[in-house]
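# Survey of secondary and tertiary structure
Chain by chain, the residues:
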Amino acid sequence: MPQNHFPKKRYYLAIVLWTLALVAGAFLWSAQLATYAIGVTLVVMAGARAFLPEGKVPVIRSRKVDVATYLILALAVLLLASWAATPAVS
């Protein structure tokens, strides 16, 4: 029996809803808090990809490459989050 490497559709629906919630949170509360939430989400996704079995989260490359990519992006987003709410320079 072939193994399914793609998660169920509700996983993708949850990702879309979470992304919309982060965008709404950026407008309602703070862009900085939303950016921190994106960074934390990337760390959670790295943990999910590292520890959950195949087919529970999307597979792009090997497990190690996916986890490393998530963590590098999370680090970059979390380091840049402090400038998310910086006022425009005129």
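Before any of the text, the structure's been laid out above.
Right, let's walk through the structure included here. (Residues numbered from 1 in each chain as written. Predicted model: local features only at pLDDT ≥ 70, side-chain atom pairs only at ≥ 80, totals over all residues. Heavy atoms only, no water.)

### As for the packing of aromatic side chains
Following the criterion strictly, the structure yields 1 aromatic pair and no others. Between Y11 and Y12, the aromatic rings sit 5.6 Å apart at their centres with planes inclined by 85°, giving edge-to-face as the arrangement. (Phe/Tyr/Trp six-rings, centres within 6.5 Å; stacked < 30°, edge-to-face > 60°.)

### Some remarks on the packing of helix 1 (residues 9–28) against helix 2 (residues 31–51)
Relative orientation and spacing of two packed helices are given, respectively, by the angle between their axes and the distance between those axes. Relative to each other, helix 1 and helix 2 sit at 155°, their axes nearing to 7 Å. With respect to helix 2, the axis of helix 1 lies roughly antiparallel. Here helix 1 contributes Y11, I15, W18, L22 and A26 to the contact with helix 2, which in turn contributes A31, A34, A37, I38, T41 and M45. Grouping the constituent residues of the contact of helix 1 with helix 2 by class yields 10 nonpolar, 1 polar and no charged. (Axes fitted to C-alpha atoms, helices over the stretch in contact; angles between N-to-C directions. Helix = DSSP H or I, 4+ residues; strand = E, 2+ residues; numbered from the N terminus. Parallel < 35°, antiparallel > 145°, perpendicular 65-115°, else oblique. Contact = heavy atoms within 4.5 Å. Nonpolar A, V, L, I, M, F, W, Y, C, P; charged D, E, K, R; others polar.)

### Some remarks on the pattern of salt bridges
Pairing between side chains of opposite charge can happen when the charged atoms of each approach one another. A complete count under the given rule lists 3 salt bridges for this structure. Note that R49 is salt-bridged to E54, the shortest N-O span being 3.4 Å. Taking relative accessible area as the criterion, R49 reaches 2% and is therefore assigned buried. Look at E54 and you get partly exposed, because its relative accessible area is 28%. Here D66 and R49 are joined by a salt bridge, their closest N and O atoms 2.8 Å apart. Here R49 lies in helix 2 and D66 lies in helix 3 (residues 63–80), a separation of 17 residues in the sequence. Owing to a relative accessible area of 6%, D66 belongs among the buried residues under this scheme. (Salt bridge = Lys/Arg side-chain N within 4 Å of Asp/Glu carboxyl O. Buried < 20%, exposed > 50% of the residue type's maximum accessible area, 1.4 Å probe, protein only.)

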